[in-house]
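Observations on the model geometry
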Amino acid sequence: MNALPAEKSELTDEDKNLAAVSEVEAGIRDFVRKDVAYLRRSPSTTPATEPSADTSADAAVGSVNTLIHRVAGASLSEIENLIAELEGLRTLMHNEGQRIQRELAGYAQLGQTAMKSTRMIADNLAQWRRSAPEPRQD
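Reference entry: report on the structure contained in this document. It should be emphasised that the depicted structure is a prediction, and the values quoted were computed from it without experimental measurement.

On the surface, Ile 100, Leu 104, Tyr 107 and Leu 110 cluster together to form a nonpolar patch covering roughly 450 Å² of accessible area. Tracing the chain through its elements places Tyr 107 in helix H2 (residues 50–131). Judged by relative accessible area, Tyr 107 falls into the exposed class, the value being 57%.

Structural data, given as structure tokens:
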């Protein structure tokens, strides 16, 4: 029995990320090649060709920047969303911490009140026993 794995019709997030990284790396490689080729040119180039080289270098830089912005745009928006969520969770945790502190203070007050009440009852019972007549022993 031969089982063939089912082919995936959709790309996973990891595949998409790898493709985006490969695209960025390819853009950077192209940029570096163009930049290095510009530096390797012989110094005997005429001044008329230098402005076009600057223009091509600027175009390469612009294309790399565009590529990086396009690839990083989604990641940046996700990071901003995560930051907003974390700030919301921080606020929630701070508010919950304050609520718990208030409740603990209430329970502490309740415990102190219960202790005072118990002490008063114990004192009253002690006075009542002292003032009660002695039981008769026949």
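Continuing now.
So, on to the layout of surface pockets. Estimates place the volume of the largest pocket at around 150 Å³. In this structure, the largest pocket is lined by Lys 16, Asn 17, Ala 20, Val 21, Val 71, Ala 74, Ser 75 and Glu 78. Taken together, the elements giving at least two residues each to the lining of the largest pocket come down to helix H1 (13–40) and H2.

Here the focus is the environment of Ile 68. Structurally, Ile 68 is set in helix H2. With near-sequence residues (within four places) excluded, Ile 68 lies in contact with Val 24 and Gly 73.

A contiguous patch of negative charge, built from Asp 13, Glu 14, Asp 15 and Glu 78, is present on the exposed surface. Positionally, Glu 14 belongs in helix H1. For Glu 14, a relative accessible area of 57% gives the class exposed.

This part takes up the pattern of salt bridges. For the coordinates displayed, the defined rule picks out two salt bridges. In this structure, Arg 99 engages Glu 103 in a salt bridge whose closest nitrogen and oxygen atoms are separated by 2.6 Å. With a gap of four residues between them, Arg 99 and Glu 103 both fall in helix H2, about one helical turn apart. Take Arg 99: its relative accessible area is 32%, and that puts it in the partly exposed class. For Glu 103, a relative accessible area of 37% gives the class partly exposed. Several salt bridges share partner residues, and in doing so they unite Glu 96, Arg 99 and Glu 103 into one network.

What counts and what doesn't
- Residues numbered from 1 in each chain as written.
- Predicted model: local features only at pLDDT ≥ 70, side-chain atom pairs only at ≥ 80, totals over all residues.
- Heavy atoms only, no water.
- Patch = residues over 30% accessible without salt bridge, like charges linked within 9 Å, V, L, I, M, F, W, Y side chains within 5 Å.
- Areas by Shrake-Rupley, 256 points an atom, 1.4 Å probe, with all protein chains shown as cover.
- Salt bridge = Lys/Arg side-chain N within 4 Å of Asp/Glu carboxyl O.
- Helix = DSSP H or I, 4+ residues; strand = E, 2+ residues; numbered from the N terminus.
- Buried < 20%, exposed > 50% of the residue type's maximum accessible area, 1.4 Å probe, protein only.
- 1 Å grid on protein atoms, 1.4 Å probe; cavity = no way out; pocket = protein on both sides within 12 Å on 5 of 7 lines; lining within 4 Å.
- Points joined across faces, edges and corners; volume = space filled by probe spheres on them.
- Contact = heavy atoms within 4.5 Å.
- Lys, Arg positive; Asp, Glu negative; His and termini not counted.
- Charge placed at Lys NZ, Arg CZ, Asp CG, Glu CD.

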